[in-house]
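Survey of secondary and tertiary structure
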There are 2 protein chains.
Amino acid sequence: MPSLSDILRMKKIPDKHFMTLAILAAKKGISQGQTPFGACIVKNEKVVITAHNVVWKNTDITAHAEIHAIRLACQKLKTIDLSGCVIYSTCEPCPMCFSACHWARIRKIVHGTFIRDAHKIGFNELSVSNYTLKSKGKSSVQILGGFMRKENQLLFKEWSECKRKRAY
Amino acid sequence: MPSLSDILRMKKIPDKHFMTLAILAAKKGISQGQTPFGACIVKNEKVVITAHNVVWKNTDITAHAEIHAIRLACQKLKTIDLSGCVIYSTCEPCPMCFSACHWARIRKIVHGTFIRDAHKIGFNELSVSNYTLKSKGKSSVQILGGFMRKENQLLFKEWSECKRKRAY
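Below or above, wherever it landed, is the structure these notes cover. (Residues numbered from 1 in each chain as written. Chains lettered and ligands numbered in written order. Predicted model: local features only at pLDDT ≥ 70, side-chain atom pairs only at ≥ 80, totals over all residues.)

The next point concerns the interface of chain A and chain B. By a widely used convention, the size of an interface equals the accessible area lost when the partners come together. Counting from both sides, the interface comprises 32 residues of chain A and, opposite them, 32 residues of chain B. Elements that contribute at least two residues to the side of chain A that touches chain B include exactly helix H4 (65–77), helix H5 (95–103) and helix H7 (130–137) of chain A. For the side of chain A that touches chain B, the element with the most residues is H5 of chain A, which contributes 6 residues. Each residue belonging to the side of chain A that touches chain B can be placed in one class, and the counts come to 16 nonpolar, 11 polar and 5 charged. (Contact = placed C-beta atoms within 7 Å. Helix = DSSP H or I, 4+ residues; strand = E, 2+ residues; numbered from the N terminus. Nonpolar A, V, L, I, M, F, W, Y, C, P; charged D, E, K, R; others polar.)

Laid out in structure tokens, this is it:
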């Protein structure tokens with residue numbers, strides 16, 4: 001029986017397929033005691049990398065899902081230039097991760113929930129939206145927010161119900 | 001004969017001493033073909049780590065001096081919480097690095113040159129100052145900018161004269 005992500009790919013709904021991969025990465029992270037954030041980087045409609053937040057696992061406050069995915073993508077593609085790539089992120093990238101996308105010259109960010117949603121469940125977010133940072137910083141990164149928001153909100157619910165959850 | 005940084009330490013000018021260590025790290029980076037940025041993280045007036053930008057060396061677009069120093073400090077102190085630490089940075093941290101300082105709960109940023117200076121020599125900076133991001137994001141990180149600016153500007157001059165310089 002094909003998995004949900006297989007079905008989406010077969011039905012040629014690539015955005016849903018790639019976001020589903022990011023969600024699955026986040027779920028894997030939650031099951032390992034990590035925080036509920038996942039990302040998937042895609043180039044030419046092909047997956048480069050999926051990753052989840054590994055801040056606790058790696059004892060590295062910078063290892064958010066997007067930063068971690070960008071690092072891995074740089075290693076895999078052997079370049080610091082991710083032009084043409086799209087990043088699917090279960091939550092709106094924080095200003096650190098948005099800026100990393102800008103530096104990597106990622107073409108587009110597609111995200112599910114919003115920074116304010118992550119703030120509500122206890123993360124020490126800087127309350128600056130991607131649109132604000134893009135506008136003030138004159139970045140050419142494209143942004144599509146609120147994609148599959150309901151499905152992504154379920155990640156926060158799943159994490160909130162974990163006994164060993166730890167925000168930061 | 002004592003080095004400049006020894007003299008500064010002996011004369012109890014700790015800010016100058018620590019910034020000098022950041023400058024020396026940047027100079028080491030330049031000599032290795034890296035970009036002209038260095039950082040030094042200090043806790044209780046003791047150096048935790050010094051680091052320079054290793055974006056080219058590590059093929060990692062996120063490996064700015066500050067991010068790299070924060071990662072190393074997390075490893076060394078075995079915590080993601082750098083409360084009480086001060087980071088000395090040769091240039092104003094970009095929005096990615098400022099946000100990393102916020103997440104790490106660093107107490108204070110002391111920087112030399114400004115984002116606009118790095119932009120002028122060819123870096124694809126997001127033109128958002130630390131003060132703007134602190135104010136908009138409601139961060140408690142303290143900022144002291146323009147510290148030893150002239151000495152730090154010399155790093156840009158030194159790098160600009162390198163044959164193998166590469167901005168990004």
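Rotating chain A by 180° and translating it 0.0 Å along the rotation axis places it on chain B, where the RMSD comes to 0.0 Å. Both copies are brought into coincidence by an operation consistent with a two-fold rotation axis. Taking C-alpha positions as reference, the residue of chain A nearest the rotation axis is Met96 of chain A, located at 2.0 Å. (Least-squares fit on C-alpha atoms with pLDDT ≥ 70 in both.)

Moving on, we get to the environment of Gly137 of chain B. Note on placement: Gly137 of chain B falls in helix H7 (residues 130–137). Take Gly137 of chain B: there are 21 C-beta atoms within 10 Å of it, and that puts it in the buried class. On a C-alpha basis, the gap between Gly137 of chain B and His102 of chain B in space is 9.7 Å, while along the polypeptide they are 35 residues apart. Apart from the residues within four sequence positions on either side, Gly137 of chain B is in contact with Pro95, Leu126, Ser127 and Val128 of chain A together with His102 of chain B. (Buried ≥ 20, exposed ≤ 12 C-beta atoms within 10 Å, placed from the backbone.)

What follows is about H4 of chain A. Residues and elements named next belong to chain A. Its 13 residues place the ends of H4 18 Å apart at the C-alpha level, agreeing with the 18 Å of an ideal helix rising 1.5 Å per residue. For H4, every residue scored as buried is listed here: Ala65, Glu66, Ile67, His68, Ala69, Ile70, Arg71, Ala73 and Cys74. Buried residues along H4 sit in contact with strand E1 (38–43), strand E2 (46–52), strand E3 (86–91) and H5. (Expected span 1.5 Å × (residues − 1).)

Residues and elements named next belong to chain B. Take Met148: it is sitting in the loop between strand E5 (142–144) and helix H8 (149–160). It is 9.6 Å that separates the C-alpha atoms of Met148 and Asp15, two residues lying 133 residues apart in sequence. Ignoring anything within four residues of it in the chain, the contact list for Met148 reads Lys16, Met19 and Gly112.

Moving on to the packing of helix H4 (residues 65–77) of chain B against helix H5 (residues 95–103) of chain B. Geometrically, a packed helix pair is captured by the angle between its two axes and the distance between the axes. Residue and element names in this part refer to chain B. Where H4 contacts H5, the axes come no closer than 8 Å and their chain directions differ by 25°. With respect to each other, H4 and H5 are oriented roughly parallel. In terms of crossing hand, the pair formed by H4 and H5 is left-handed. Judged by residue contacts, Glu66, Ile67 and Ile70 of H4 engage Met96, Cys97, Ala100 and Cys101 from H5. Counted by class, the contact of H4 with H5 contains 6 nonpolar, no polar and 1 charged residues. (Axes fitted to C-alpha atoms, helices over the stretch in contact; angles between N-to-C directions. Parallel < 35°, antiparallel > 145°, perpendicular 65-115°, else oblique. Left-handed = near helix turned anticlockwise from the far one by under 90°.)

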